[in-house]
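Residues per chain are reported as follows:
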Amino acid sequence: MTVAYFVGPWDLDHRLGCVPQDPSAGSIVLVESVAKSRALPYHRKKLVLVLSAMRHFAQELRADGYDVSIVRAPTYVEGIRRHVRAVHATEVVALAPREWALDKALREADLGAPLRLLDDGGSDGHFLLTRDEFIRWAGGKDTLRMDVFYRWMRRRTGLLMEGKKPVGGRWSLDAENRKKVKGERPPALPRYEPDAMTREVMDEVAGWGGGWGEVHGFAWPTTRTDALDALQRFVAERFAKYGDFQDAMVTGEPFLWHACVAPALNLGLLSPGDLLDAAMDAWREGAPLNAVEGIVRQVLGWREFIRGVYWLRMPGLRDANRFGATRPLPAVYWDETRTEMACVRESVGAVREHGYAHHIQRLMVLGNLALLTGVRPLELSDWFWAGFVDAFEWVQLPNVHGMALAADSTFTTKPYAASGAYVNRMSDYCTGCRYNVKKRHGDDACPFNPLFWSFMARHREELSRNPRIAVLYRSWDRWDAEERLAIEATAQRLFDGLEQAETGWRVERDAG
Ligand SMILES: Cc1cc2nc3c(=O)[nH]c(=O)nc-3n(C[C@H](O)[C@H](O)[C@H](O)COP(=O)(O)OP(=O)(O)OC[C@H]3O[C@@H](n4cnc5c(N)ncnc54)[C@H](O)[C@@H]3O)c2cc1C
Ligand code: SF4
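Let me sum up the structure you'll find in this document. Quick caveat, the model's predicted, so the values are computed rather than measured.

## Some thoughts on the pairing of strand 5 (residues 115-118)
Thinking step 1. Here four bridges tie strand 4 (residues 91-95) to strand 5, and the two strands are oriented parallel to one another. Its bridge partner lying in strand 5, Ala94 is registered against Leu117.
Thinking step 2. Once the chain exits strand 4 it traverses helix 4 (residues 100-108) before rejoining the sheet at strand 5, and the crossover so formed is right-handed.

Next comes the structure, spelled out in structure tokens:
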């Protein structure tokens, strides 16, 4: 039997089932899919990251004695087919891909040899749970709640547990993750300067048409060695404040005390276990519980939950549009100079420059603006998928459609809609902004205020069914008709002034 092992761009971990333990067990193929690289207007740094990480991984495997081919082909399926023909493979082994469309394509394709597809979770896979384990947990529940899932995972793994109770007496220290930054500054994020191989990829990508952002300044880890170093530096330099400032936003500081490991994690350069082990080691050495529990909640809880929801809800998740949003994506998402909203300028600018913005910028600025202006969910999720170095469909789609836009109600009971007051509470953006965060209407009113109230008014019937939101309508009802009309008129002027993105980019999300 001649076995060909397909290693997807997100499987760059020699511990996964798609890499045989014995180098003589077969050949390994990595595919650079031309269609995939052009399916969306990807950030150039993201293309560099993925291609460079794949080529470095291939180099490492070769150094360990593996027979490795990198095939550049029109699609992943065609690349595997070509390899099967070249090595006369009699079986293909792969880990189930992280994308629904590719998963389907692989299962249905004639690869020239039978395919053995392993689960991408559990003992062979990258995630802690198999897809079936999540489906079994979710079975029969009307609404899926992350906090319930998280507790189940804590009990199941025994992480941060004292017998049957959570360490410290509480399951979540979320309330202790919301300090505003006052004067402190985070240490600089480590940079991993491009080696010859990465520089070659940078030149290649810079020469391609299309795409967003620049290759210049690329400094994300592209090898496991650098990714482990980044993780270790996070724990040593930023972890102590990670818990306190998880929800904070600061002008000119896109990374703050965040881990910034999602790009490496989602490619397989790190595993969830690497992060959890690092957090638990730090805990034993005295790291604060709000930091340790914070990262455990994100990795053991949110990340596994989001991935489970993706497979549970696809392909319908893409069509979710609970609020019937119809507006195209505003141009500001591609060009931050089109707005004077300081918070939006900062957040879009960070994505354009680094392919990264942290969680609260994603949720409470970029997501909130699209929610309040009624942007079509799929347009926002395409933007996230294209623009973020850590974005793959399994993770961006549930976060955008479920969390940021509440377009899908599988796990979101209430939308994260917010006025300018939230941004003001959690950031220093408003002090340098030309808008007045205290005003609800007028040309200098913070746009988030009239947009928030207009959203609330438009969706009153549905939202007021939720008791936690219903209380907000008391303010709206207290204001006189003149005030409410002025708010609506300001919101309307903002809607009329929204410029639509005219990028001319083609979107073929399932290509590749
Ligand atoms: C609208 C929106 C889009 C998002 N798109 C992505 C995406 O494309 N890729 C992605 O990895 N994350 C995404 N997230 C989740 C989260 O914002 C990022 O994982 C995080 O900002 C990555 O930066 P970090 O490594 O510094 O994370 P930290 O804030 O330091 O958190 C540590 C780790 O926890 C995990 N994590 C935390 N929250 C989530 C979550 N909600 N879903 C999945 N994993 C989580 C990540 O692996 C992250 O690396 C999105 C969130 C929102 C609201
Ligand atoms: S005033 Fe409004 S638009 Fe300006 S930074 Fe604050 S929240 Fe953003």
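## A closer look at the nonpolar core
Thinking step 1. Formed by 159 residues in total, the largest nonpolar core has its most connected members in Val92 and Val261.
Thinking step 2. If you tally residues by element for this core, the top one is helix 11 (residues 289-313), at ten residues.
Thinking step 3. Ignoring sequence-local partners within four residues, the contact set of Val261 consists of Ala230, Leu231, Phe234, Leu270 and Leu275.

## Digging into the site of ligand 2
Thinking step 1. If you check the shell around ligand 2, you find 14 residues, and the closest are Cys343, Gly420, Cys430, Cys433 and Cys446.
Thinking step 2. Residue assignment for the shell around ligand 2 shows that the elements contributing at least two residues are helix 12 (342-354) and helix 16 (420-426).
Thinking step 3. Looking at the shell around ligand 2, the element that brings in the most residues is helix 16, giving three residues.
Thinking step 4. Across the shell around ligand 2, the residue classes tally to twelve nonpolar, two polar and no charged.

## What about the packing of helix 8 (residues 224-242) against helix 10 (residues 272-284)?
Helix-helix packing is described using two parameters, namely the angle between the two axes and the distance between the axes.
Thinking step 1. Put simply, helix 8 and helix 10 touch, their axes get as near as 10 Å, and they point 35 degrees apart. Classified by chirality, the crossing of helix 10 by helix 8 is right-handed. Along its contact with helix 8, which presents Leu231, Val235 and Phe239, the element helix 10 presents Asp274, Leu275, Ala278 and Ala282.
Thinking step 2. Its residues assigned to classes, the contact of helix 8 with helix 10 shows six nonpolar, no polar and one charged.

Procedures and definitions
- Residues numbered from 1 in each chain as written.
- Chains lettered and ligands numbered in written order.
- Predicted model: local features only at pLDDT ≥ 70, side-chain atom pairs only at ≥ 80, totals over all residues.
- Pairing = 2+ DSSP bridges.
- Helix = DSSP H or I, 4+ residues; strand = E, 2+ residues; numbered from the N terminus.
- Right-handed = clockwise from strand over helix to strand, strands pointing away.
- Core = buried A, V, L, I, M, F, W, Y, C linked by C-beta atoms within 7 Å.
- Buried ≥ 20, exposed ≤ 12 C-beta atoms within 10 Å, placed from the backbone.
- Contact = placed C-beta atoms within 7 Å.
- Near = placed C-beta within 6 Å.
- Nonpolar A, V, L, I, M, F, W, Y, C, P; charged D, E, K, R; others polar.
- Axes fitted to C-alpha atoms, helices over the stretch in contact; angles between N-to-C directions.
- Left-handed = near helix turned anticlockwise from the far one by under 90°.

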